[in-house]
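Residue strings, one per chain:
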Protein chains: 2
Amino acid sequence: MNIGEVAQKSGLPAKTIRYYEGIGLIRPLRDTNGYRAFRDRDLHKLTFLARARALGFSMNDCRALLTLYEDTGRASAHVKEIAGAHLHRIDEKVAQLQSLRATLAHLVDACAGDDRPDCPILEDLGGTADQSAG
Amino acid sequence: MNIGEVAQKSGLPAKTIRYYEGIGLIRPLRDTNGYRAFRDRDLHKLTFLARARALGFSMNDCRALLTLYEDTGRASAHVKEIAGAHLHRIDEKVAQLQSLRATLAHLVDACAGDDRPDCPILEDLGGTADQSAG
DNA sequence: CCTTGACCTTCCAGCCACGGGAACCCTTAT
DNA sequence: ATAAGGGTTCCCGTGGCTGGAAGGTCAAGG
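All values derive from a computational prediction rather than experimental measurement.

Participant: Sorry if this is basic, but what is going on with the interface of chain B and chain A here?
Facilitator: It is common to report an interface's size as the accessible area lost on association of the parts. Chain B puts 58 residues into the contact, and the matching count from chain A is 58 residues. Taking both partners together, chain B and chain A bury about 5,000 Å²; carbon and sulfur atoms supply 70% of that area. For the chain B face of the interface with chain A, the top three residues by lost area are Leu104, Leu122 and Leu125 of chain B, together amounting to 14%. Applying the counting rule to chain B against chain A returns 2 salt bridges. A salt bridge links Asp91 of chain B to Arg101 of chain A; the shortest N-O distance between them is 2.6 Å.

Below, the structure written as structure tokens:
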């Protein structure tokens, strides 16, 4: 398989596949003409990576997961630890975003949104209502 | 005021303040010795930027908001539009993260997390249970 | 044989919003 | 004179790609 076919099947752009080879995640063979020659195994790994990335795992996590994926003697605890840590980070991110959202929603709600200059949003960002820029 | 004092008062690292000057968000004066000389106005703008960034606004949004902040003849509708769009993006991001979270939580929950190799997480990422790498 | 066009190759630059660190200058205190 | 603690510019690195230039390869058509 050439890179185009693998790109289509894995859903990853060819550029990304080359990048993944560059950072050592896959090692496709080479044809005599210099073209990359992907085996099924490479395609599986790329598909794996595409899904892991879609779940938001970092490249570091992906690398670790891929190693575990290929190690049939792995302990599932190791996998679960990585995924659990990622889950935790997602929870933190969601909490942070929701906190932001609450503040922002409050401000947006308080803003008239008309042609007058008075704006609680800018007042809040500026610190106090008095120092309205200079 | 020198950059250190402004950094402390605004809560922004000196590096970030120099960067903001570099991209044209502030224009501090210069002392004869080459040091940046910040006025109150600069400090207000930096504080404004720090809060806007803390609310997750992009630098583009910050630039626009800062312009509005300094334009005493602005229409609050313009501010509200920017903030509303940002709120919308946050909502989208939260929804996406929660969707990810649900998938991931399901997988983590299904994984025994012991010393055996069987792992629903890897099986899901790999596509099917049969092609357990090669 | 030549061309066209789609495919492939490598390499370099850029993205965002900074952070680290080098190499150097200015000020103040001793 | 020196040391500490400011400040300055400049360049590189981050993550995870993406775009583009410049060129090699292959299959089809005239």
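Participant: In this structure, what is going on with the domain arrangement of chain A? I would like to understand it.
Facilitator: When the domains of chain A are assigned, the result is domain 1 (1–59) and domain 2 (75–129). Between the C-alpha centres of domain 1 of chain A and domain 2 of chain A there is a distance of 36 Å.

Participant: Before we go on, may I ask you to explain the protein's contact with DNA strand D in this structure?
Facilitator: As a structural note, the neighbourhood of DNA strand D is formed by 19 residues, with Lys15 and Tyr20 of chain A together with Gly4, Tyr35 and Arg36 of chain B the closest of them. Taking the atoms of DNA strand D that fall within 4 Å of the protein, sugar and phosphate contribute 66% of them. One of the side-chain N or O atoms of Asn33 of chain A is found 3.3 Å from a phosphate oxygen in DNA strand D. With respect to DNA strand D, the backbone of Gly4 of chain B contributes an N or O atom lying 2.3 Å from a phosphate oxygen. For the surface near DNA strand D, the secondary-structure elements that each account for two or more residues are helix 2 (14–22) of chain A together with helix 1 (3–10) and helix 2 (14–22) of chain B. Per element, the largest residue contribution to the surface near DNA strand D is 4 residues, and it comes from helix 2 of chain A. Here the surface near DNA strand D is built from residues that sort into 7 nonpolar, 6 polar and 6 charged.

Participant: What's the story with helix 4 (residues 59–70) of chain A in this structure? I'm lost.
Facilitator: Since the α-helix advances by 3.6 residues per turn, residues separated by three or four positions end up pointing in the same direction. Residue and element names in this part refer to chain A. The end-to-end C-alpha distance of helix 4 is 16 Å, a good match for the 16 Å that 12 residues give at a rise of 1.5 Å each. When we look at burial in helix 4, the residues that qualify are Asp61, Cys62, Leu65, Leu66, Leu68 and Tyr69. Within helix 4, the buried residues cover an arc of 160 degrees as seen down the axis, which keeps them to one side. Of the residues in helix 4, the exposed ones pointing more than 90 degrees away from the buried face are Asn60 and Thr67.

Participant: Sorry if this is basic, but what is going on with the pattern of salt bridges here?
Facilitator: If the charged atoms of two oppositely charged side chains come close together, the side chains can form a pair. Residues and elements named next belong to chain A. For the structure shown, the criterion picks out 18 salt bridges over all chains. One salt bridge in this structure joins Asp114 and Arg116, with 2.6 Å as the shortest N-O distance. Taking relative accessible area as the criterion, Asp114 reaches 22% and is therefore assigned partly exposed. Linked by salt bridges that have partners in common, Glu21, Arg30 and Arg36 make up one network.

Participant: How do you make sense of the protein's contact with DNA strand C when you look at a structure like this?
Facilitator: Around DNA strand C, 19 residues are found, and the nearest of them are Gly4 and Arg36 of chain A together with Lys15, Thr16 and Tyr20 of chain B. Take the atoms of DNA strand C that sit within 4 Å of the protein: sugar and phosphate atoms are 75% of them. Here a base oxygen of DNA strand C and a side-chain polar atom of Lys15 of chain B are 2.2 Å apart. Between a phosphate oxygen of DNA strand C and a main-chain N or O atom of Met59 of chain B, the distance comes to 3.4 Å. At the level of elements, helix 1 (3–10) and helix 2 of chain A together with helix 2 of chain B are the ones that each hand at least two residues to the surface near DNA strand C. With 4 residues, the single largest contributor to the surface near DNA strand C is helix 2 of chain B. Residue composition of the surface near DNA strand C, grouped by class: 7 nonpolar, 6 polar and 6 charged.

Participant: Looking at this model, I keep getting lost on the relation of the copies chain B and chain A. Mind explaining?
Facilitator: Between the two copies of this chain, the relationship is a rotation about some axis together with a displacement along it. It takes a turn of 180 degrees to lay chain B on chain A, together with a shift of 0.0 Å along the axis; the resulting RMSD is 0.1 Å. As the rotation angle and translation indicate, the two copies are arranged about a two-fold axis. Of the C-alpha atoms belonging to chain B, the one lying closest to the rotation axis is found on Val94 of chain B, 3.0 Å away. Interface residue correspondence from chain B to chain A reaches 100%, placing this contact among same-surface, isologous pairings.

Participant: Explain the environment of Ala64 of chain B to me, please; I cannot follow it from the model alone.
Facilitator: Residues and elements named next belong to chain B. Of note, Ala64 is situated in helix 4 (residues 59–70). Among the residues examined, Ala64 registers a relative accessible area of 29% and is labelled partly exposed. C-alpha of Ala64 to C-alpha of Ile82: the two residues are 18 residues apart in sequence and 8.4 Å apart in space.

Scoring rules and cut-offs
- Residues numbered from 1 in each chain as written.
- Chains lettered and ligands numbered in written order.
- Predicted model: local features only at pLDDT ≥ 70, side-chain atom pairs only at ≥ 80, totals over all residues.
- Heavy atoms only, no water.
- Contact = heavy atoms within 4.5 Å.
- Buried area = accessible area lost by both parts, 1.4 Å probe.
- Salt bridge = Lys/Arg side-chain N within 4 Å of Asp/Glu carboxyl O.
- Domains from an automatic or database assignment.
- Near = heavy atom within 4 Å.
- Polar contact = N/O pair within 3.5 Å; in protein donor to acceptor, adjacent residues only side chain to side chain.
- Helix = DSSP H or I, 4+ residues; strand = E, 2+ residues; numbered from the N terminus.
- Nonpolar A, V, L, I, M, F, W, Y, C, P; charged D, E, K, R; others polar.
- Expected span 1.5 Å × (residues − 1).
- Buried < 20%, exposed > 50% of the residue type's maximum accessible area, 1.4 Å probe, protein only.
- Arc of directions from axis to C-beta.
- Least-squares fit on C-alpha atoms with pLDDT ≥ 70 in both.

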